[in-house]
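For reference, the chains in residue letters:
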Amino acid sequence: MQIIESTVLGVRSAVWRLKIDDASPEIILFPMIHIAEEHFYNEIIKKLEKCDIILCEGVKTKKASLLTKSYSLVTKNPKFDLVQQKSIPLDHLKDRIIHADVGSLEFDKKWSKLPLISRIFIPLLCPIVGLYLRYFGSRQLIAKSLGLNLHKSRDET
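Computed from a prediction, not measured in an experiment: that's the story for all the values here. (Residues numbered from 1 in each chain as written. Predicted model: local features only at pLDDT ≥ 70, side-chain atom pairs only at ≥ 80, totals over all residues. Heavy atoms only, no water.)

Chemist: How would you sum up the overall build of the protein chain? Please name residues and give values.
Modeler: Secondary structure assignment for the protein chain yields 6 helices and 9 strands. Carbon and sulfur atoms provide 59% of the accessible area of the protein chain, an area that totals close to 11800 Å². (Helix = DSSP H or I, 4+ residues; strand = E, 2+ residues; numbered from the N terminus. Areas by Shrake-Rupley, 256 points an atom, 1.4 Å probe, with all protein chains shown as cover.)

Chemist: Account for the pattern of salt bridges, with residues named and values stated.
Modeler: In the structure shown here, the tally under the stated rule is 3 salt bridges. Put simply, glutamate 43 and lysine 46 hold a salt bridge, and the shortest N to O gap is 3.3 Å. Here the residue glutamate 43 and the residue lysine 46 both occupy positions in helix H1 (residues 38-48), the gap between them amounting to 3 residues, near one helical turn. For glutamate 43, a relative accessible area of 36% puts it in the partly exposed group. When its relative accessible area of 47% is taken as the criterion, lysine 46 is described as partly exposed. (Salt bridge = Lys/Arg side-chain N within 4 Å of Asp/Glu carboxyl O. Buried < 20%, exposed > 50% of the residue type's maximum accessible area, 1.4 Å probe, protein only.)

Chemist: With reference to specific residues and values, describe the packing of aromatic side chains.
Modeler: Aromatic ring pairs are defined here through the distance separating the ring centres and the angle between the ring planes. Summed over all chains, the structure comprises 3 aromatic pairs. Pairing phenylalanine 40 with tyrosine 41 gives two aromatic rings, centres 5.3 Å apart and planes at 70°, and the pair type is edge-to-face. On the basis of relative accessible area, tyrosine 41 is assigned to the buried category, the value being 2%. Each ring, one from tyrosine 132 and one from phenylalanine 136, has its centre 5.6 Å from the other, and the planes form 40°; the classification is tilted. Here phenylalanine 136 and tyrosine 132 lie together in helix H5 (residues 116-136), a separation of 4 residues that amounts to about one turn. (Phe/Tyr/Trp six-rings, centres within 6.5 Å; stacked < 30°, edge-to-face > 60°.)

Chemist: Any details on a nonpolar patch on the surface? Residues and values, ideally.
Modeler: On the surface, Leu116, Ile117, Ile120, Phe121, Leu124, Leu125 and Ile128 cluster together into a nonpolar patch covering about 680 Å² of accessible area. With respect to the helices and strands, isoleucine 128 occurs in helix H5. (Patch = residues over 30% accessible without salt bridge, like charges linked within 9 Å, V, L, I, M, F, W, Y side chains within 5 Å.)

Chemist: Tell me about the nonpolar core, and name the residues and values.
Modeler: Core analysis: the largest hydrophobic core is formed by 11 residues, namely Phe30, Ala36, Phe40, Tyr41, Ile44, Ile45, Leu48, Cys51, Ile54, Ile88 and Leu93. It is H1 that contributes the most residues to this core, 5 residues altogether. The residues touching phenylalanine 30, leaving out its near neighbours within four places in the chain, are Val15, Ile44, Lys47, Leu48 and Cys51. In this structure, Val74, Phe80, Leu133 and Ile142 belong to the second largest nonpolar core, which totals 6 residues. (Core = buried A, V, L, I, M, F, W, Y, C linked by side-chain atoms within 4.5 Å. Contact = heavy atoms within 4.5 Å.)

Spatial relationships are all this shows, so hold off on functional conclusions.
This is the structure in structure tokens:
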């Protein structure tokens, strides 16, 4: 199952519709990208406005914000013309949103179980990667790492 496709033509997010029959509820999966063009998020908002319930993920802790700092660094390069996912205006949908991710306490507890070397270097490397992409990266370089397929490609097989 293809989730995110990254080709020379650009990045594409596959929307998946899951429904058993006409009487059952429909579940729609919107694979998200942390940084993208603003019109991508505007299209997602239009689709979300048609949903009765929105299950979303994301962890809000100081540790998690250190890990995602690289996104804000990349979007500060005007030549990329990219914005962060967290810039999506969802206030008008807040009564339909259910946070379906781990809580901040659980995240911090799991984080503290990582090896010390990981807890030190991952937060240090994220801003470095963000700065590198901001000043020396390209949209193609960013997009190259976005492809996500749940099945092996023909080449991998």
